[in-house]
Amino acid sequence: MDLAPSEELRRWFNHEPDKWPAFQKRYHQELDHNPEAVALLLQRLEKGRITLVFGAKQTAFNNAVALKHYLLETLRANQQ
């Protein structure tokens with residue numbers, strides 16, 4: 001299961017905090033186009049904790065943080 005942002009998106013973002021809102025939006029759009037992988041991850045999350053791993057030095061602005069926000073938003077939307 002690969003839920004990492006595309007190479008193009010990662011290069012564009014370059015961990016520049018001013019691009020963070022746009023990065024999250026674009027990454028979330030990429031995730032919207034990968035519903036099978038997202039569903040699998042959500043199923044695993046329903047069973048317990050999951051660990052999101054990232055390789056960036058920036059702890060506040062990375063794909064794991066953006067993925068966490070996406071998953072939480074999706075869970076909230078599914079509960080309504």
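Now for a description of the structure that goes with this document. Since this is a predicted model, take the numbers as computed values, not measurements.

With respect to helix α3 (residues 35–47)
In step 1: With 13 residues, α3 extends 19 Å between its outermost C-alpha atoms, agreeing within 8% with the 18 Å of an ideal straight helix rising 1.5 Å per residue.
In step 2: Within the sequence span of α3, burial applies to Ala37, Val38, Leu41 and Leu42. The buried side chains of α3 occupy one side of the element, clustering within an arc of 135° when seen end-on. Within α3, the exposed residues directed more than 90 degrees away from the buried face are Glu36, Glu46 and Lys47.
In step 3: Elements that come into contact with the buried residues of α3 comprise α2 (20–32) and α4 (63–79).
In step 4: Immediately downstream of α3, the backbone of Gly48 shows phi near 160°, a positive value.

Here's the deal with α4
In step 1: Along its 17 residues, α4 runs 24 Å from first to last C-alpha, staying within 8% of the 24 Å computed at 1.5 Å per residue.
In step 2: Of all the positions in α4, only Ala64, Ala66, Leu67, Tyr70, Leu71 and Thr74 are classed as buried. The arc that holds every buried residue of α4, seen down its axis, measures 155°, which confines them to one face. In α4, those exposed residues whose orientation departs by more than 90 degrees from the buried face are Arg76 and Gln79.
In step 3: Here the buried face of α4 lies against α2 and α3.
In step 4: Between the side-chain oxygen at the start of α4 and the backbone nitrogen of Ala64 there is a gap of 2.9 Å, and the oxygen is on Asn62.

Thoughts on the nonpolar core
In step 1: Core analysis: the biggest nonpolar cluster contains 15 residues, and Leu3, Phe23, Tyr27, Leu31, Val38, Leu67 and Leu71 have the highest contact counts within it.
In step 2: For this core, the secondary-structure elements that each account for two or more residues are α1 (7–13), α2, α3 and α4.
In step 3: Beyond its immediate stretch of four places on either side in the chain, Leu3 contacts Tyr27, Leu31, Asn34, Ala37, Val38 and Leu41.

So, the packing of aromatic side chains
In step 1: Tallying each qualifying case throughout the model produces five aromatic pairs.
In step 2: Summarising the aromatic geometry, the rings of Phe13 and Phe23 are spaced 4.3 Å apart at their centres and angled 20° between planes, so their arrangement reads as stacked. You can see Phe13 sitting in helix α1 and its partner Phe23 sitting in helix α2, a full 10 residues away along the chain. Each member of the pair, Phe13 as well as Phe23, is classed as buried.
In step 3: For the pair Phe23 and Tyr27, a centre-to-centre distance of 5.7 Å together with 25° between the ring planes defines the contact as stacked. Of this pair, Phe23 and Tyr27 both sit in helix α2, four residues apart, roughly one helical turn. As far as burial versus exposure is concerned, Phe23 and Tyr27 are alike and both buried.
In step 4: Among the aromatic residues, those joined into a ring-pair cluster are Phe13, Trp20, Phe23, Tyr27 and Phe61.
In step 5: Sitting over the face of the ring of Trp12, Arg26 holds its NZ or CZ atom 4.0 Å from the ring centroid.

Rules and cut-offs
- Residues numbered from 1 in each chain as written.
- Predicted model: local features only at pLDDT ≥ 70, side-chain atom pairs only at ≥ 80, totals over all residues.
- Heavy atoms only, no water.
- Helix = DSSP H or I, 4+ residues; strand = E, 2+ residues; numbered from the N terminus.
- Expected span 1.5 Å × (residues − 1).
- Buried < 20%, exposed > 50% of the residue type's maximum accessible area, 1.4 Å probe, protein only.
- Arc of directions from axis to C-beta.
- Contact = heavy atoms within 4.5 Å.
- Polar contact = N/O pair within 3.5 Å; in protein donor to acceptor, adjacent residues only side chain to side chain.
- Core = buried A, V, L, I, M, F, W, Y, C linked by side-chain atoms within 4.5 Å.
- Phe/Tyr/Trp six-rings, centres within 6.5 Å; stacked < 30°, edge-to-face > 60°.
- Lys NZ or Arg CZ within 6 Å of the ring centre and 35° of its normal.

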